[in-house]
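Each chain, written out:
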Amino acid sequence: MPTIARPFCIALFLLCNSVVAAAGDITVSAAASLGNAFKEAAQAFEAQHPGSKVLLNTAASGALLQQMAKGAPVDVFASADQETMDQAQAQGLVVAASRRDFARNTLLLVQPAGSQLVLRSLKDLTLPAVTRVAIGNPASVPVGRYAQDALEAAKLWPQVNAKAVNTLNVRQSLDYVARGEVDAGFVYATDAALVPGKVTVAFRVPLQQSIRYPLATTTAAANPAQASRFVAFILSPAGQAILARYGFLKP
């Protein structure tokens with residue numbers, strides 16, 4: 001009997017240890033524009049919670065929503081717009097009571113550094129000299145929807161959309177501009193600040209609504225308690241200070 005009980009106890013001990021080791025792990029799916037800030041925030045959170053591990057997954061908000069809808073394991077979801085979070089909530093993918101706005105951003109039109117084009121307003125994008133404009137795919141990329149809204153308000157969407165180079169996320173739009181592959185592109189102020197010397201800001205794009213970022217814990221969270229702690233950290237002075245360093249505004 002003892003020869004059977006001992007291996008069983010050892011196996012149980014190892015199993016319990018593995019559960020404890022994984023107890024602090026959470027997966028955070030965050031909009032592409034949050035990548036740098038959330039990477040630092042994750043490191044700070046782990047330092048505050050020894051034994052914890054934040055697995056960060058970044059992409060366009062719409063793509064992240066599709067991943068969750070297909071069963072991807074996610075504990076916290078942070079999107080770059082209200083619409084995507086509304087869809088996640090409508091589909092029962094996030095805990096509505098946990099939803100909070102945690103940051104704001106601004107939309108800019110940027111050009112490759114050294115560009116000779118003079119762009120002072122959205123109407124200038126209709127000039128013949130402008131042939132390619134990077135715009136996130138409005139179907140899945142919030143920055144693209146913000147750009148479309150601004151262009152529609154100015155009654156310029158059809159003309160500019162004809163020149164659009166649709167991108168998978170805001171970072172791809174930024175890359176296209178930085179490499180000079182397009183004449184201009186719509187990006188967030190926080191993204192433009194990441195490549196000084198490679199892009200120049202043409203102007204701030206007027207919007208009828210503010211760009212507010214919400215986050216929430218998911219209904220399928222494997223570690224809801226730790227997920228709630230991460231949300232609380234992002235909303236805390238320490239988390240807000242990290243976001244501010246990357247140019248995000250207070251919610």
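Residues numbered from 1 in each chain as written. Predicted model: local features only at pLDDT ≥ 70, side-chain atom pairs only at ≥ 80, totals over all residues. Heavy atoms only, no water.

### Considering the overall build of the chain
Helix and strand counts for the chain stand at 10 helices and 10 strands. Summarising its shape, the C-alpha atoms of the chain cover approximately 85 × 35 × 30 Å along the three principal directions. By the burial criterion, 48% of the 251 residues in the chain qualify as buried. Summarising the internal contacts of the chain: among those between residues at least 6 apart in sequence, 78% fall at separations of at least 24. Just so you have it, the chain exposes about 12,000 Å², and 58% of that area is on carbon and sulfur atoms. Of note, the chain has its 21 positive side-chain charges centred 3 Å away from the centre of its 15 negative side-chain charges. (Helix = DSSP H or I, 4+ residues; strand = E, 2+ residues; numbered from the N terminus. Buried < 20%, exposed > 50% of the residue type's maximum accessible area, 1.4 Å probe, protein only. Contact = heavy atoms within 4.5 Å. Areas by Shrake-Rupley, 256 points an atom, 1.4 Å probe, with all protein chains shown as cover. Lys, Arg positive; Asp, Glu negative; His and termini not counted. Charge placed at Lys NZ, Arg CZ, Asp CG, Glu CD.)

### Concerning the pairing of strand E10 (residues 211-217)
Counting buried positions along E10 gives six out of seven residues, so the element sits mostly inside the fold. Direction of pairing for strand E4 (residues 100-105) relative to E10: antiparallel, over a ladder of five bridges. Across the sheet, Asp-101 pairs through a bridge with Pro-214, a residue of E10. (Pairing = 2+ DSSP bridges.)

### Let's talk about the side chain of Gln-111
Examined against the element boundaries, Gln-111 turns out to sit in strand E5 (residues 107-112). Apart from the residues within four sequence positions on either side, Gln-111 is in contact with Leu-117, Leu-119, Val-177, Asp-183, Lys-198, Val-199, Thr-200 and Ala-202.

### Regarding the packing of helix H2 (residues 35-48) against helix H9 (residues 224-235)
How two helices pack is summed up by the angle between their axes together with the distance between the axes. Here H2 crosses H9 at 120°, and the two axes come no closer than 11 Å. Here the hand of the crossing between H2 and H9 comes out right-handed. Counting all contacts with H2, which are made through Phe-38, Ala-41, Ala-42, Ala-44, Phe-45 and Gln-48, the residues of H9 involved are Gln-226, Arg-229, Phe-230, Phe-233 and Ile-234. Classifying every residue of the contact of H2 with H9 gives eight nonpolar, two polar and one charged. (Axes fitted to C-alpha atoms, helices over the stretch in contact; angles between N-to-C directions. Left-handed = near helix turned anticlockwise from the far one by under 90°. Nonpolar A, V, L, I, M, F, W, Y, C, P; charged D, E, K, R; others polar.)

### Side note on the environment of Phe-77
By the element assignment, Phe-77 lies in strand E3 (residues 76-78). Exposure remark for Phe-77: the relative accessible area of 0% places this residue in the buried category. Linking Phe-77 and Val-231, residues 154 residues apart in sequence, is a C-alpha distance of 9.5 Å. Beyond its immediate stretch of four places on either side in the chain, Phe-77 contacts Ser-29, Ser-61, Leu-64, Met-68, Thr-84, Met-85, Ala-88, Val-94, Pro-214, Leu-215, Ala-216 and Thr-218.

### Topic: empty space enclosed by the protein
For the coordinates displayed, the defined rule picks out two cavities of 30 Å³ or more. Forming the boundary of the largest cavity are 13 residues, of which Ala-32, Ala-60, Val-141, Pro-142 and Val-170 lie nearest the centre. Among the residues forming the lining of the largest cavity, the class breakdown is 10 nonpolar, three polar and no charged. By volume, the second largest cavity is sized at about 40 Å³. For the lining of the second largest cavity, the secondary-structure elements that each account for two or more residues are H2 and helix H8 (189-192). In terms of residue class, the lining of the second largest cavity is made up of four nonpolar, three polar and two charged. (1 Å grid on protein atoms, 1.4 Å probe; cavity = no way out; pocket = protein on both sides within 12 Å on 5 of 7 lines; lining within 4 Å. Points joined across faces, edges and corners; volume = space filled by probe spheres on them.)

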